[in-house]
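Okay, here's what each chain looks like letter by letter:
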Amino acid sequence: MMQFHVKHLLIAGLLGIFMLPAIAQKMYRCPGTGGSTTFSDTPCATSSGSEVIVKPASGEAAPQAKPDPQTRGAMDKRNAEYNALLTPECRRAREAFLTKSQQKGGMEELMKDGNPISKAWEACEFEAKGAIDKQSIKDRERVEAEERKRIEQDRITQKKLECTTKQKVLDDRRPRLAQLSEQDRKAFAILEQQVAQDCRY
C-alpha cells in the first residue's frame, strides 16, 4: 500500500517539474494489403488492428527529445522550488530515487525491488506530500497575483484609452470654443477638469 501511495505522490510531485524519459512506447500492429502487416505509432484505420508495447531490449529508458531551453529552464526552476521544500535527507533520497529509477527502466521497476533507495524515498512520503501541497499553494498564489496584475493592466489600458478619447474631444473643440453655446462651454470645462484630474500618469 505504501508503494502505491509513494508512486503516485512522486508522479504528482514531478508533474511539470522533472520529466523522466519514457519507459515503453505504444505501437499498433495493422493488417495491410495482401496479408502484410505494418506497424505504426497511430491507431489502425480498421478495428482489426492490435496494440503492442515496445520496450527497449536493454531495459533502459528510451531516449526522449530534449525540451527547448525555455521549457527546460521552467522545469529546472520548478524542480529547484520543490527540492527547497524538502529536508536535506529527503532531497538526497529523492535525487537517488530519480537517478536509480532511470537506470532501472522506470519508477515502477524500482518500486518492485524494495531496495534501500526506494525505502528511503518511501520514508519521505509524508514530507513529499507536504511539499506538493505547499507548491500547489504557491502555484495558486502565483496565478492569483498574475490575474490581479492582468486586471490592473487592463484597467490602466482602458483608462488611457478613455483619456485619449477625451483629450481628442478637447483638442477638436478648443479652436471653436468661442463659437460654442454656453452649455457646450460648461461641458467643455467639466471635461477639461476631468482630464486634468484623472489623466495624470
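Bear in mind the structure is a predicted one, so any value in this text is a computation, not a measurement.

The rules behind each value
Numbering of residues begins from 1 in every chain and follows the order in which that chain's sequence is written. At least 70 in pLDDT is required for a residue's local features to be given in this predicted model, at least 80 for side-chain atom pairs to be given and counted, and no such filter applies to totals for whole chains, interfaces and linings, which use all residues. The basis for every side-chain value is the complete set of non-hydrogen atoms in the structure, without hydrogens or water. The helix count covers DSSP runs of H or I at least four residues long, the strand count covers runs of E at least two residues long, and both are numbered beginning at the N terminus. Any residue under 20% of the maximum accessible area for its type is buried, any over 50% is exposed, and the rest in between are partly exposed; the area is computed with a 1.4 Å probe on protein chains only. By definition in these notes, contact holds between two residues if any of their heavy atoms fall within 4.5 Å. Two cysteine sulfurs form a disulfide in these notes if their separation is within 2.5 Å. The span expected for a helix works out to 1.5 Å for each residue beyond the first. Directions from the helix axis toward the C-beta atoms define the arc. Predictor confidence is given residue by residue as pLDDT, running from a minimum of 0 to a maximum of 100. For this analysis, a salt bridge means a side-chain nitrogen from Lys or Arg found within 4 Å of a carboxyl oxygen belonging to Asp or Glu. The criterion is simple. A nonpolar core is a set of buried Ala, Val, Leu, Ile, Met, Phe, Trp, Tyr and Cys residues joined through side-chain atoms within 4.5 Å.

### Details of the overall build of the chain
Helix and strand counts for the chain stand at seven helices and three strands. Along the chain, from the amino end to the carboxyl end, the secondary structure elements read α-β-β-β-α-α-α-α-α-α. Taking all 201 residues of the chain together, the buried fraction comes to 23%. Long-range pairs, those at least 24 residues apart, make up 63% of the contacts in the chain with a sequence separation of at least 6.

### Let's talk about the state of the cysteines
Applying the stated criterion across every chain, the model contains two disulfides. At a sulfur-sulfur separation of 2.1 Å, the disulfide partner of C90 is C124. Its S-S torsion of approximately -95° makes the covalent link between C90 and C124 left-handed. A residue pair is termed long-range when its members are at least 10 positions apart, and C90 in helix α3 (residues 88–104) and C124 in the loop between α5 (116–122) and α6 (125–173) qualify at 34 residues. Here C90 matches C124 in class, with each residue buried. At a sulfur-sulfur separation of 2.0 Å, the disulfide partner of C163 is C199.

### Comments concerning helix α7 (residues 182–198)
The first and last C-alpha atoms of α7 sit 24 Å apart over 17 residues, in line with the 24 Å expected at 1.5 Å per residue. Listed in full, the buried residues belonging to α7 are F188, L191 and V195. Along the axis of α7, the buried residues cluster in a sector spanning 70°; they form a single face. Those residues of α7 that are exposed and angled more than 90 degrees off the buried face are E182, Q183 and K186. Taken together, the buried residues of α7 touch α6.

### Here's the deal with the confidence of the model for the chain
Chain-level pLDDT for the chain is 75 on average; 62% of the residues reach the 70-or-more range. Within the model, the stretch residues 1–24 combines pLDDT values under 50 with 59 contacts to residues more than four positions away or in other chains.

### As for α6
End to end, α6 covers 72 Å across 49 residues, agreeing with the expected 72 Å (1.5 Å per residue, within 8%). Buried residues of α6: E125, A128, A131, I132, Q135, D139, C163 and L170, and no others.

### Examining the pattern of salt bridges
By the definition in use, this model includes twelve salt bridges. Between D133 and K129 there is a salt bridge, and its shortest N-O distance comes to 3.2 Å. One end of the pair, D133, and the other, K129, are both in helix α6, four residues apart, so they sit about a helical turn from each other. Here K129 falls in the partly exposed class, since its relative accessible area comes to 41%.

### Focus on the nonpolar core
In terms of nonpolar packing, the biggest core is built from ten residues, these being Y82, L86, C90, A93, F97, W121, C124, A128, A131 and I132. When residues of this core are traced back to their parent elements, those giving at least two are α3 and α6. Once residues lying within four places of it in the same chain are set aside, the contact partners of A93 are A120, W121 and C124. The next biggest cluster of nonpolar side chains, apart from the first, holds six residues, and it includes C163, L191, V195 and C199.

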